[in-house]
Amino acid sequence: MSGGTHAGRYDVIIVGGGIMGAATAFHLRTLYGKSVVLLERGMVGAGASGVNFGNVRRQGRFLPQMPLSHRAREIWGRLPELLGEDCEFLATGGLRVAYSQADMAVLEKHVNEARDWDLHLDLLGQNAIRSRWPWLGPDVVGALMSPDDGHANPRLVAPAFGRAAKRAGVVVHEQCEVADIAREATGFRVTAKTGLEVRGEVLLNSAGYWGGRIAADFGEPVPIVPRGPQMAVTEPLPYFMEPVLGGVSSNIYLRQVKRGNVVFGGGLRGPVETDPPRGRPVPELSIAQWGRVVRFVPALAGVQVIRSWTGVEGYMDDDIPVMGESGTTPGLFHAFGFCGHGFQLGPGVGAVMAELIATGRTVTPIDPFHIRRFESLKPA
Ligand SMILES: Cc1cc2nc3c(=O)[nH]c(=O)nc-3n(C[C@H](O)[C@H](O)[C@H](O)COP(=O)(O)OP(=O)(O)OC[C@H]3O[C@@H](n4cnc5c(N)ncnc54)[C@H](O)[C@@H]3O)c2cc1C
């Protein structure tokens, strides 16, 4: 690969400018000097990457994902230095709350299993949590504190990666929906609905839910469905809730931003449309979520919920993403289907995919996420 750009020809074409595509573009350019074009149907970071809850959480993850999550967390701490913006990332700690001894057993198991990952987890009983967070509901019997977890503003992160990539020399085309991808003797020819045509040696499919369609076009169908996790936010309140809260058995999470609003979501996923992408919040889901919020933090009863929203996310049937090189097509790479937990991973996915594309290998193990696990679905 040359590192130079001439007449619409690049080292790497990236389809999809969510956090995965934008972070990969940034790392490919700044660490490896590749010439990169990023093609995004809407605006960079306006999809799932821009509307999510903003949880930057390592505790409770699928263990084989820990190395990737760890790599991502290291980058989260360096965002101001890397991008020139902090993206409102705050390492406030994440608190996973238990309502029963069965919940506590789940937390204890995680403490043991994640021992090697340096999460500094702290399992706390009822007295300890009462003295630190007296506003937690009376049903809470314990919690697991992960002090290096936190939250960020999803509206800022992928666009910041996109802007930094552009400053470094990545060519970014927004409002540019890819209509056709053809394999040629020396790479790929990509045609957008605008008529733009670009060529590249390598193609990264980071098209979120729609990444499944691109994979299928290259003979690699995957079991992916679109869903809309539902979020809502309250009126602003005096700031009191530092850690991000999540439940073990109660499927709810909430965080308070410094401006005072409490953002909440979790568990319930509504239907979405994909062509064009559109998620409609279902009022009944917000009402059900609110009951769980108030059980966590009774002081929130009576507070006004001012807005709800959702977004289109791709869920794989085994709840883990697709990452790595294609099993059918040399030069094609995938990073899609992040199943509702890709925001924290995003910066790490960018670093790993850039490393894999530029050097042919990555020091971070991603084998469990390879698309070959769906080989039985390939057309005969
Ligand atoms: C409401 C909600 C809450 C969530 N909460 C959290 C959370 O708290 N923590 C967490 O870790 N994760 C969370 N997630 C998941 C996280 O947001 C996603 O896993 C992550 O953002 C996926 O990033 P992506 O880049 O793969 O996909 P996307 O952000 O969807 O980006 C893919 C992009 O590809 C573009 N595209 C698709 N087809 C084409 C085409 N043909 N041509 C050009 N461009 C195309 C799309 O327009 C889109 O911008 C949540 C998701 C949602 C929806």
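The residue numbering used here restarts from 1 in each chain and proceeds along that chain's sequence as written. Residues qualify for local features only when their pLDDT is at least 70, as the model is predicted, and side-chain atom pairs are given and counted only at 80 or more; totals for whole chains, interfaces and linings, by contrast, use all residues. To obtain the side-chain values, all non-hydrogen atoms of the structure were used and water was disregarded.

Looking at the ligand, there are 35 residues lining it, with Glu40, Ser49, Val178, Glu313 and Phe343 nearest. Alanine 48 places a main-chain nitrogen or oxygen 3.2 Å from an oxygen atom of the ligand. In protein, a polar contact requires one atom able to donate a hydrogen and another able to accept it; more generally it is a pair of N or O atoms within 3.5 Å, and residues adjacent in sequence count only if both atoms are side-chain atoms. The separation between an oxygen atom of the ligand and a polar side-chain atom of serine 49 is 2.6 Å. With the chains in place, 96% of the 1,000 Å² that the ligand exposes on its own is no longer accessible. A single heavy atom is enough: if one lies within 4 Å of a molecule or strand, its residue is considered near that molecule or strand. Exposure was quantified through the Shrake-Rupley algorithm and a 1.4 Å probe, taking into account, for residues, occlusion by the shown protein chains and nothing else.

To continue, consider the packing of helix H1 (residues 19–32) against helix H7 (residues 154–168). At a minimum axis separation of 8 Å, H1 and H7 run at an interaxial angle of 30°. Accordingly, the angle class assigned to the pair H1 and H7 is roughly parallel. Here H1 runs over H7; the crossing is left-handed. Facing Ile19, Ala22, Ala23, Ala25, Phe26, His27, Arg29 and Thr30 of H1, the residues of H7 in contact are Val157, Ala158, Phe161, Gly162, Ala164, Ala165 and Ala168. Amino acids outside the nonpolar list (Ala, Val, Leu, Ile, Met, Phe, Trp, Tyr, Cys, Pro) and the charged list (Asp, Glu, Lys, Arg) are all regarded as polar, and Gly is one of them. Tallied by class, residues from the contact of H1 with H7 come to eleven nonpolar, three polar and one charged. Geometry is summarised by axes, namely lines fitted to C-alpha atoms with helices restricted to the contacting stretch, and by angles between N-to-C directions that run from 0 to 180 degrees. What counts as a helix is a DSSP run of H or I of at least four residues, what counts as a strand is a run of E of at least two, and both are numbered from the N terminus. In what follows, roughly perpendicular refers to angles from 65 to 115 degrees, roughly parallel to angles under 35, roughly antiparallel to angles over 145, and oblique to any angle outside these ranges. In a left-handed crossing the near helix is turned counterclockwise from the far helix by less than a right angle, and in a right-handed crossing that turn is clockwise. Two residues qualify as a contact provided that any one of their heavy atoms is within 4.5 Å of a heavy atom in the partner residue.

For the chain, the mean per-residue pLDDT works out to 95, and 98% of the residues sit at or above 70. Confidence scores labelled pLDDT are given residue by residue by the predictor and lie between 0 and 100. Here residues 1–6 scores under 50 on pLDDT; set against residues more than four positions off or in separate chains, the count is 18 contacts.

Residues Ile14, Trp76, Val157, Phe161, Met323, Val349 and Met353 are the most contacted members of the largest nonpolar core, which totals 48 residues. Here the element with the most residues in this core is helix H10 (residues 342–359); it accounts for nine residues. Non-local contacts of valine 349, meaning those with residues more than four positions away in its chain, are made with Met20, Thr24, Leu68, Met323, Ala335 and Phe338. We define the nonpolar core as a collection of buried residues of types Ala, Val, Leu, Ile, Met, Phe, Trp, Tyr and Cys that are connected through side-chain atoms lying within 4.5 Å of one another. Per-residue accessibility, obtained with a 1.4 Å probe over protein chains only, is compared with the maximum for each type, and a residue is labelled buried under 20%, exposed over 50%, and partly exposed between these values. Ranked by size, the runner-up nonpolar core spans 31 residues in total, among them Cys176, Val198, Ala207 and Val222.

Glancing now at the pattern of salt bridges. Oppositely charged side chains can form a pair if their charged atoms are brought close together. Salt bridges are identified by distance alone: a Lys or Arg side-chain nitrogen within 4 Å of an Asp or Glu carboxyl oxygen. Under the defined criterion, the tally for this structure stands at 16 salt bridges. Among the ionic pairs, glutamate 197 bridges to arginine 199, the shortest N-O distance being 3.1 Å. Exposure remark for glutamate 197: the relative accessible area of 41% places this residue in the partly exposed category.

Here we take up the layout of surface pockets. Here the second largest pocket is characterised by a volume of approximately 320 Å³. Residues are said to line a cavity or pocket when one of their atoms sits within 4 Å of a point; the points come from a 1 Å grid over protein atoms alone, cavities being sets where a 1.4 Å probe fits but cannot get out and pockets being open sets with protein on both sides within 12 Å along at least five of seven lines. Looking at the second largest pocket, it is lined by 17 residues, and the ones nearest its centre are Asn153, Arg155, Arg255, Arg307 and Trp309. Of all the elements in the fold, those that place two or more residues in the lining of the second largest pocket are helix H2 (48–51), H7 and strand S18 (305–309). Of the residues in the lining of the second largest pocket, the class split is eight nonpolar, four polar and five charged. Note that the domain bounds were set by an automatic or database domain assignment. When residues of the lining of the second largest pocket are sorted by domain, at least three fall in each of domain 1 (8–53 + 155–224 + 317–377) and domain 2 (94–147 + 225–315). Grid points are joined across faces, edges and corners, and a volume is the space filled by probe spheres set on the points.

This part covers the packing of aromatic side chains. In this analysis, rings of Phe, Tyr and Trp, with Trp reduced to its six-membered ring, are considered paired at centre separations within 6.5 Å, and the interplanar angle assigns stacked below 30 degrees, edge-to-face beyond 60, and tilted for intermediate values. One pass over the full model with this rule turns up nine aromatic pairs. Ring centres 5.7 Å apart and planes at 70° place the aromatic pair phenylalanine 26 and phenylalanine 161 in the edge-to-face group. Here phenylalanine 161 lies in helix H7 and phenylalanine 26 lies in helix H1, a separation of 135 residues in the sequence. You'll find phenylalanine 26 and phenylalanine 161 in the same group, each marked buried. Judged by centre distance (5.3 Å) and plane angle (90°), the ring pair of tryptophan 135 and phenylalanine 240 falls under edge-to-face. Remark: phenylalanine 240 occurs in the loop between strand S12 (224–234) and strand S13 (244–247) and tryptophan 135 occurs in the loop between helix H6 (126–132) and strand S6 (142–146); sequence separation between them is 105 residues. A relative accessible area of 16% places tryptophan 135 in the buried class.

To find leftover empty space, one rolls a probe the size of a water molecule over the atoms. Summed over the entire model, instances satisfying the criterion amount to one cavity of 30 Å³ or more. The volume enclosed by the largest cavity comes to roughly 50 Å³. Forming the walls of the largest cavity are Glu220, Pro221, Ile371, Arg372, Phe374, Glu375 and Lys378. Of the residues belonging to the lining of the largest cavity, the class tally is three nonpolar, no polar and four charged.

Right, let's talk about unusual backbone geometry for a bit. Note the cis peptide between aspartate 275 and proline 276, where omega equals 0°. Here the phi dihedral of histidine 120 falls at roughly 55°; this positive angle occurs in a residue that is not glycine. At aspartate 319, a residue that is not glycine, the phi angle is positive and equals roughly 65°. Topologically, aspartate 319 is positioned in the loop between strand S19 (313–316) and strand S20 (322–325). A residue is classified by how much of its surface remains accessible, and aspartate 319, at 39% relative accessible area, is partly exposed.

Counted residue by residue, S12 has eight buried out of eleven residues, so it is predominantly covered. When DSSP finds at least two bridges between two strands, those strands are taken to pair. Looking at chain direction, S12 and S18 are connected through four bridges and run antiparallel. Each bridged residue has a counterpart across the sheet, and for alanine 232 the counterpart in S18 is serine 308.

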